[in-house]
Amino acid sequence: MSFYKQYTSPLGYVSNGNPIDTYGVDHSGFTTRDELQYQTARINRENELMKQYNNHGITENYPQYTTNFWGSSADNNYGFGTSNIGSNIENRQQTASQPQNSISDAYSIYKNKGLYGLGMKYAEPSVQQAIQAKDRIAPLPISDVNKHQYISCVGSTGGPLATLETLGGGIYKEIQDTKDKLMDPQKRKAYGGALGVLGDGAKDLKNDFIGSAFGYTVGKYNLPDLCDVLLYNPINFEK
């Protein structure tokens, strides 16, 4: 018996007939009572988050949640267990009410750890993999072209939202790097002046877009490992 019908909530919850919902919770062992209690908890949590966004002037086009809705841990079915969840609901609601997913928490993470920390907490899984890969490939003897294309490819394999997050992060990084280079006389000189700094930033962004386009494509066909090709043979449209 299915408890679901086609429905998408303002925060991205989808009832599509699958036993595991888009927030990562497995309903396959739920009784009707369990399902009703879960949906009540889910709606209350969504209303709480939307109220926070409304308080910050966001009243439509809300961020879309996936398995980060109930937190980053999938232990014990995100705290709901597999059946008879009534005894777990109150504890799960208290846990979900912690500031782990709140706007204030996101601001605190950004203030203390920057975009890197914010991405590792809230970004799509493929984007988190890209952030981790960035540090892993930093010491490799390969060009910036390889690195930019590869990192952007990995981040974009997760679909449209992941691609937007990847490109947004790349643009933000280049803006910060460009400002840093222009403000530092030694760095500005090393790049041949302001035009050289701007040209280098444009080159990096170009390779970010190339890598993201490739990553989105291979991700669509469930072939994310093809991004590894860019570590050795970056795409070059000028040849």
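Provided above is the structure to which this section pertains.
The model shown is predicted, which means the values in this text are computed figures rather than measured ones.

**Description of the overall build of the protein**
When helices and strands are counted, the protein shows eight helices and two strands. Secondary structure of the protein in N-to-C order comes out as β-β-α-α-α-α-α-α-α-α. Counting every position in the protein, which comprises 239 residues, the buried fraction comes to 38%. Across the protein, every contact between residues at least 6 apart in sequence was considered, and the portion connecting residues at least 24 apart equals 58%. Carbon together with sulfur atoms contributes 56% to the accessible area of the protein, which is approximately 13800 Å² in total.

**A look at the state of the cysteines**
Counted according to the given criterion, the structure contains one disulfide. A disulfide bridge connects Cys153 with Cys227, and the sulfur atoms are separated by 2.0 Å. Here the disulfide of Cys153 and Cys227 is left-handed, its torsion about the S-S bond being about -80°. Here Cys227 lies in the segment after helix H8 (194-220) and Cys153 lies in helix H5 (residues 144-156), a separation of 74 residues in the sequence. What makes Cys227 buried here is its relative accessible area of 1%.

**Re the pattern of salt bridges**
By the definition in use, this model includes seven salt bridges. With a shortest N-O distance of 2.9 Å, Glu48 and Arg45 are connected by a salt bridge. With Glu48 and Arg45 both in helix H1 (residues 32-55) and three residues apart, this pair spans about one turn of that helix. Using a relative accessible area of 26% as the deciding quantity, one classes Glu48 as partly exposed.

Cut-offs and rules
Residues numbered from 1 in each chain as written. Predicted model: local features only at pLDDT ≥ 70, side-chain atom pairs only at ≥ 80, totals over all residues. Heavy atoms only, no water. Helix = DSSP H or I, 4+ residues; strand = E, 2+ residues; numbered from the N terminus. Buried < 20%, exposed > 50% of the residue type's maximum accessible area, 1.4 Å probe, protein only. Contact = heavy atoms within 4.5 Å. Areas by Shrake-Rupley, 256 points an atom, 1.4 Å probe, with all protein chains shown as cover. Disulfide = S-S within 2.5 Å. Salt bridge = Lys/Arg side-chain N within 4 Å of Asp/Glu carboxyl O.

Nothing here speaks to function; it is geometry throughout.
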